[in-house]
Structures are given as C-alpha cells and as structure tokens.
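The primary structure of each chain is shown beneath.
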Amino acid sequence: MSPLLKSKLTLVTAVYWILLSYMVAALLWWFIALDKQNRMISNIMLSELKHEDPNYYRDAVTIGNATHRKTIQFISEGTTFLVLILVGAVFVFRATRRQIKLSQQQQNFMMAVTHELKTPIAVAQLNLETLQKRQLEEDKRQMLISNTLQEANRLNALCNNILFAAQLDAGAYRSNKQEINFSDLLEGCIDSFKNRFPNRVIEEKIKESIYIIGEPLLLQMLVNNLIDNANKYANKGTPITISLDQKINQVEFSVADLGEGLAEEEKKKVFEKFYRVGEENTRKTKGTGLGLYLCKKIVQGHGGKIFVNNNQPQGSIFTVLFKIT
Ligand code: ATP
Ligand code: MG
C-alpha cells in the first residue's frame, strides 16, 4: 500500500473511532441524565404525598413502579440505539475500508495495464522496423518474427481478460454452453503454449475424451491463465505438470508448478479482482491481477470450484473441480 493511502486510511480510521466513541459516550450520558431526572421527579412526587393520607402507601408504590418502568424503558431504548449504532458502524467501517482498498487496486491496475499495453506495442514496433530497414539472415528474421508474435499473443490475452472482466462487471455476458471434449481443448491450449515457449518442460497427465458442458472460449481462457501463471511464477528450468482426470461424478483439472508458492494468507486473496502479491513498485513480474479473478468467475459460471494448495517439495497446485451429471 502506498504511504499516501496508508496515511489516508489511518486518518479515516482515527476520525471514525473518535466519532463512534463520541456517539456511544453521548448515549451513555443521556441515559445517566434521564435516569437522574426520573429519580428527581419521583422524589418530588413522593415528597408531595401526605403521610396521613390513607392512600399514602398505595400512591407511593404506584410512583415507585412508574419510576422503575421508566428506568427499564430508558435501558431498553438505549440498548436498541446502541445496537443500531454499532451495526451501522460495522457496515460503514467495512464499506470504507473496502472502497479504499478497491481504489488502491484500481490505481495499481491502471499502472499495470498502461505498462502492459505499451510494452508489447513498443517491442513489436521495434521488431517490425528492424525487419523493414535491414537485410537480416533468415534465423534472425525468424527470431524477430516469433518474438513479435509472442508479444501480439500477450496483447491478445490481455485484451480478452480486460474485455471479459468489463462484460462481467456490466452484467452483459450471455453464456452459450455446449458439450465439449475438455481433453482436446486442454491439449490444444498446451500445444499453443509449447509453440510460444518451446524450452519449458510440460508433464502431461491427461485422460482422453473427458466431456463437460461448457463454453469453449471461456474454458480456454481459464486454462491459458493458469498455465500462464505457472510459467510466469516458476523458474524457467522447472517443469509444469498439467493433469486432467475424471472421478465418479467430477472432473479434476490441475496445474502444478515448482515456483515460490503462495503463503497461507494469500491463497484466498489471489482470486480477488486486481489482487497481486507484493508491492507494485518492487514486483518483477508483469500482470494486472485479473487472471485468477476471471478463472474463479469462469469456474463458478460452470458450477465448479477452484482452489490452490501447496505443491511438493515447493510451488503451488491450482485445482479446478467440475461436477458432471
Ligand atoms: P494477469 O494474469 O492479469 O496477467 P497476474 O498474473 O498478476 O496478472 P493473477 O493471475 O490474478 O494476476 O494472479 C494474482 C497473483 O497471484 C499474482 O500476481 C501472483 O502473485 C499470484 N500467483 C498466481 N499464480 C501463481 C503461481 N502459480 N505461483 C505463485 N504465485 C502465483
Ligand atoms: Mg495471471
């Protein structure tokens, strides 16, 4: 979190606690004042009664009862107000914190996106200019072309992620599910990944002909995001294991890597929108924090579950479970 945002959050928290303490103190003070007044009135009424009056005891008891009833009324009204104030305070507190966190994440996202969009464009421009101006040997030409293609692919994936997230937020996404061969879809994604990263070792444990009801484009997006993460967050020399299996009534798909892994407290947070582990200015990897958020949305849209566990001896395993009927 940036220092500016931290101090803003501290200020908001301090003002909030001062206001809340003031409200609770005012409520208590009201109660004490009202109770005192109540007793005073009761004492005055009692002093006005005459001892020689045959109804003295009956009237005194009536006044005592009325005073008692009033005290109970003050206590119950006060407690109701206190509970309402506290419930409201909890809501306001949570909403404010969430708003501040979201605005911080959006700011990070804007920074990341601008950078992410500009880099591939700049690289592609430079490569194309070099190809145009110079007569290069064939292998160098091929290298520049494949490098440009890789950048174009990254740009494409990024645009798909952003567009889909925007459609989801606007509630404008219409799903179009059909029965598909998930094994083939997965193989297709792995093949295109291998073309882009020929040096990365991929271990495949994929059972053939597993069918699920789903949307091919979204499922491709899910698979690509998980493989992209494993590739991005694990050292180049380590293998990525991709498995697909069918148990009695569910399909289990997982992507495992031997990277740094995720700390326990990060395991839920990484699925939040725009969330990225660590600080924006010290991070080495590129990204927008949308990938896993979309994965979660896609899996939920298919009635499934997604979670992350530790891999052995290190790294993480992202697992997706789809129910089949
Ligand atoms: P994007 O996918 O939008 O390009 P991203 O990869 O940063 O950006 P997510 O895919 O949502 O965003 O991942 C969120 C965060 O979770 C990442 O920034 C990274 O810190 C962490 N993370 C994701 N996958 C892994 C993994 N396989 N190993 C370790 N950390 C991971
Ligand atoms: Mg990602």
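Residues numbered from 1 in each chain as written. Chains lettered and ligands numbered in written order. Predicted model: local features only at pLDDT ≥ 70, side-chain atom pairs only at ≥ 80, totals over all residues. Heavy atoms only, no water.

## Some thoughts on the site of ligand 1
Close to ligand 1 lie 18 residues; Tyr233, Asp257, Arg276, Thr288 and Leu292 are nearest. At 3.1 Å, a backbone N or O of Leu290 approaches an oxygen atom of ligand 1. Leu292 is positioned with one of its backbone polar atoms (N or O) 2.7 Å from an oxygen atom of ligand 1. For ligand 1, whose free accessible area comes to 590 Å², the fraction covered by protein is 95%. Where the shell around ligand 1 is concerned, the elements lending two or more residues are α5 (216-233), α7 (291-301) and β7 (316-323). For the shell around ligand 1, the leading source of residues is α5, giving 3 residues. By residue class, the composition of the shell around ligand 1 is 8 nonpolar, 7 polar and 3 charged. (Near = heavy atom within 4 Å. Polar contact = N/O pair within 3.5 Å; in protein donor to acceptor, adjacent residues only side chain to side chain. Areas by Shrake-Rupley, 256 points an atom, 1.4 Å probe, with all protein chains shown as cover. Helix = DSSP H or I, 4+ residues; strand = E, 2+ residues; numbered from the N terminus. Nonpolar A, V, L, I, M, F, W, Y, C, P; charged D, E, K, R; others polar.)

## Focus on the nonpolar core
Soluble globular proteins tend to pack their nonpolar side chains together in the buried interior. If you look at the biggest cluster of nonpolar residues, it comprises 47 residues, and the most contacted ones within it are Phe182, Leu222, Leu226 and Phe253. No other element matches the 8 residues that α5 contributes to this core. (Core = buried A, V, L, I, M, F, W, Y, C linked by side-chain atoms within 4.5 Å. Buried < 20%, exposed > 50% of the residue type's maximum accessible area, 1.4 Å probe, protein only.)

## Digging into the state of the cysteines
Within the structure shown, the criterion is met by 0 disulfides. For the unlinked cysteine Cys159, the closest cysteine sulfur is that of Cys295, found at 17 Å. Residue classification places Cys159 among the partly exposed positions, given a relative accessible area of 33%. Left without a disulfide partner, Cys189 is nearest to the cysteine sulfur of Cys295, which lies 11 Å away. (Disulfide = S-S within 2.5 Å.)

## What to know about the domain arrangement of the protein chain
As assigned here, the protein chain comprises domain 1 (3-106) and domain 2 (178-323). Taking the mean C-alpha position of each, domain 1 and domain 2 sit 53 Å from one another. (Domains from an automatic or database assignment.)

## Some points on a nonpolar patch on the surface
Residues Leu11, Val15 and Leu19 make up a contiguous nonpolar surface patch of about 290 Å² in total accessible area. Along the chain, Leu19 turns up in helix α1 (residues 3-48). (Patch = residues over 30% accessible without salt bridge, like charges linked within 9 Å, V, L, I, M, F, W, Y side chains within 5 Å. Salt bridge = Lys/Arg side-chain N within 4 Å of Asp/Glu carboxyl O.)

## Describing the side chain of Asn161
Structurally, Asn161 can be placed in helix α3 (residues 138-170). Since its relative accessible area comes to 9%, Asn161 is described here as buried. Of note is the side chain of Asn161, whose polar atom sits 3.3 Å from the side chain of Asn225. Asn161 has contacts with Met221, Asn225, Leu290, Gly291 and Leu294, leaving out every residue within four places of it along the chain. (Contact = heavy atoms within 4.5 Å.)

## So, the pattern of salt bridges
One pass over the full model with this rule turns up 10 salt bridges. Lys273 is paired through a salt bridge with Asp169; the nearest N and O atoms lie 2.3 Å apart. Of this pair, Lys273 sits in the loop between α6 (266-269) and α7 while Asp169 sits in helix α3, and the two are 104 residues apart along the sequence. Classification of Asp169 as partly exposed rests on a relative accessible area of 48%. The partner of Glu204 in a salt bridge is Lys194, and the shortest N-O contact between them spans 2.7 Å. Of the two residues, Glu204 is situated in strand β2 (residues 202-206) and Lys194 in helix α4 (residues 182-196); the sequence distance between them amounts to 10 residues. A residue is classified by how much of its surface remains accessible, and Glu204, at 32% relative accessible area, is partly exposed.

## Focus on the pairing of strand β4 (residues 240-246)
A regular strand carries its side chains on alternate faces of the sheet. For β4, a buried count of 5 out of 7 residues is recorded, marking the element as mostly surrounded by other parts of the structure. Summarising the sheet, β2 and β4 pair through 5 bridges and their orientation is parallel. Note on β4: the bridge partner recorded for Lys205 is Ser243. When β4 meets strand β5 (residues 250-256), the two strands line up antiparallel, connected through 6 bridges. Bridge pairing in β5 places Leu244 opposite Phe253. (Pairing = 2+ DSSP bridges.)

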